[in-house]
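Chain by chain, the residues:
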Amino acid sequence: MSTPIGATLRRRVTLPVAFGLVGDKRFALLDDVLARDTWSPAQVRNHQAERLSHLFRICRDHNPYWSARFEAFGVNPDGSDPFAELAKLPVLTKDEMRANWKQMRSTHMSESDMVHETSSGSTGMQINFYQSHYYRQLHAAMEYRSRMWMGVEPGEPYLSIQANSAHVNRKTKMLRSARRWMENCYILDAFQMDPARVREQLLAARKINPVHVHGYTTACTTVAEIAQEAGITDWPSVRAVSTTSERQTEQHRKTLGDTFGATVYDRYGSREVLSIAMQCSEGKHHIYEDVNIVEFAPLSDVGDALTATIITPLDNEAMPLFRYRSGDEAAAIDGTCTCGRTLRLMTGCRGRICNNFITPDGHIVNGTYFLYYFYYQEGYQSFQFHQTTEEHIDLYVVPDGTLTQERMDYLKQCCDKIRADSNDQFTVELHIVDEIPKRRGGKHLYTISDVLRHI
Ligand SMILES: [Zn+2]
């Protein structure tokens, strides 16, 4: 069991030393980003201008894709008003990113300074990209910053509801075990949930006295529902619950708050643009403007009061993105917040939401499990998994250009793997299509289940 002294030691000594030994600067960066919480709007704006000018110059000198775009649109990297220069660029779409991502890598950094990442974003539209190690360490610091907004110190025990079996390789498992031990974390697998096993895991997790519960929105909510049904609702140590990666509805919020007896927070970020906004204790979403420039653009296919979020992350020199349309919708909010932070406000975000898939024997497979099959893949424009009955899933795939035999074979292997992971309880049928019908608001869901869960 952790003690306050144990948590303080972790925060002040164990974690900074351990990460420092492997060259990870997240704790030094944490002090930097925490100091920004008291910045005035003018300080934030000056910092944005400096970072933006720096990125423009990096791209002019070391990024063939962006230097050509600057020429084409008359962007002056040395311009006195970098915001005006940024506004000359058109919105960057996922289609453009998918077509050009290899040319969008900056040449002044070696491959060992960056990682290749991948995302299905909020719409099942596959993209690949690069992120510098620095950017990812900054994000780790931002994650800690978000926890501290919830009154949670790094090193205090927490329950994490995340992928922990399928799609997790041996190296990741080893690193995660080390981190889990250092951070005092209990991991509950978000992908394959057997309600009986979840009940056992919840009882085990409660023994570490977690102060914080976090994970994918639908997975956390499913765990909370199982906890309620089993009467495991006594969580005196929990101070905060936070969810990410998916939209958080009022119903999710209520279920999580009722189950864990704590304030529920929504964190908005994505795999490609890591930390975008965080809800404070007053329930307002503050935009992390010190690491991004966020615009809200009216777009015809959104069709209501919400607008498209357009993001320029300021710290990823490996592959800068200027005016990137994330695929999520939200809107700016005028006014200030009583929490005292001056970072601008936005609404919650209408991003993706995953359905749970249910096996005939009652196991729950979170929709996020399926999107991992398209991680690090090329040649697919979009996809959708649709569970039509307890035993059957249709997989629809829109190829990006010609579908090669190799890619076709990969898709067939995916179907076989899903079948095997479900102990042959699902049949999976592959459909190659030209288009996947969109739902209201111009979005398509990439995981849909018509099967409801019955306990
Ligand atoms: Zn606030």
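Residues numbered from 1 in each chain as written. Predicted model: local features only at pLDDT ≥ 70, side-chain atom pairs only at ≥ 80, totals over all residues.

## Topic: the overall build of the protein
Thought 1: Counting its secondary structure elements, the protein contains 13 helices and 21 strands.
Thought 2: Its C-alpha atoms give the protein a radius of gyration of 22 Å, near enough to 23 Å, the size a compact globule of 455 residues would have.
Thought 3: C-alpha extents for the protein along the principal axes are approximately 60 × 60 × 45 Å.
Thought 4: In the protein, the proportion of contacts linking residues at least 24 apart, taken out of those at least 6 apart, comes to 68%. (Helix = DSSP H or I, 4+ residues; strand = E, 2+ residues; numbered from the N terminus. Rg over C-alpha atoms; globule rule 2.2 N^0.38 Å. Contact = placed C-beta atoms within 7 Å.)

## As for the nonpolar core
Thought 1: Core analysis: the largest hydrophobic core is formed by 101 residues, its most contacted members being Ile161, Cys220, Val223, Val241, Phe260, Ile276 and Tyr288.
Thought 2: There are two domains that each give this core at least three residues, and those are domain 1 (4–38 + 133–346) and domain 2 (356–449).
Thought 3: The residues contacting Tyr288, other than those within four sequence positions of it, are Met142, Ser275, Ile276, Ala277, Met278 and Leu343. (Core = buried A, V, L, I, M, F, W, Y, C linked by C-beta atoms within 7 Å. Buried ≥ 20, exposed ≤ 12 C-beta atoms within 10 Å, placed from the backbone. Domains from an automatic or database assignment.)

## Points about the domain arrangement of the protein
Thought 1: Split into domains, the protein comes out as domain 1 (4–38 + 133–346) and domain 2 (356–449).
Thought 2: Here domain 1 and domain 2 have C-alpha centroids that lie 27 Å from each other.

## A look at the sheet that holds strand S6 (residues 212–216)
Thought 1: With mixed pairing, the nine strands of this open sheet are ordered in space as S4-S3-S6-S7-S8-S9-S10-S15-S14. Edge positions in the open sheet fall to strand S4 (185–189) and strand S14 (332–333), since each of these has one partner strand only.
Thought 2: The pairing of strand S8 (residues 263–268) with strand S9 (residues 277–279) spans two bridges and is antiparallel. What sits directly across from Tyr268, in S9, is Ala277. (Pairing = 2+ DSSP bridges.)

## A short note on helix H4 (residues 64–73)
Thought 1: If you check which residues of H4 are buried, you get Trp66, Arg69 and Phe70. On an axial view of H4, the arc spanned by its buried residues comes to 100°, and they lie on one face. The exposed residues of H4 that point more than 90 degrees off its buried face are Ala68, Glu71 and Ala72.
Thought 2: At its buried positions, H4 is contacted by helix H3 (41–62).
Thought 3: Gly74 sits one or two residues past H4 and shows a positive phi near 70°. (Arc of directions from axis to C-beta.)

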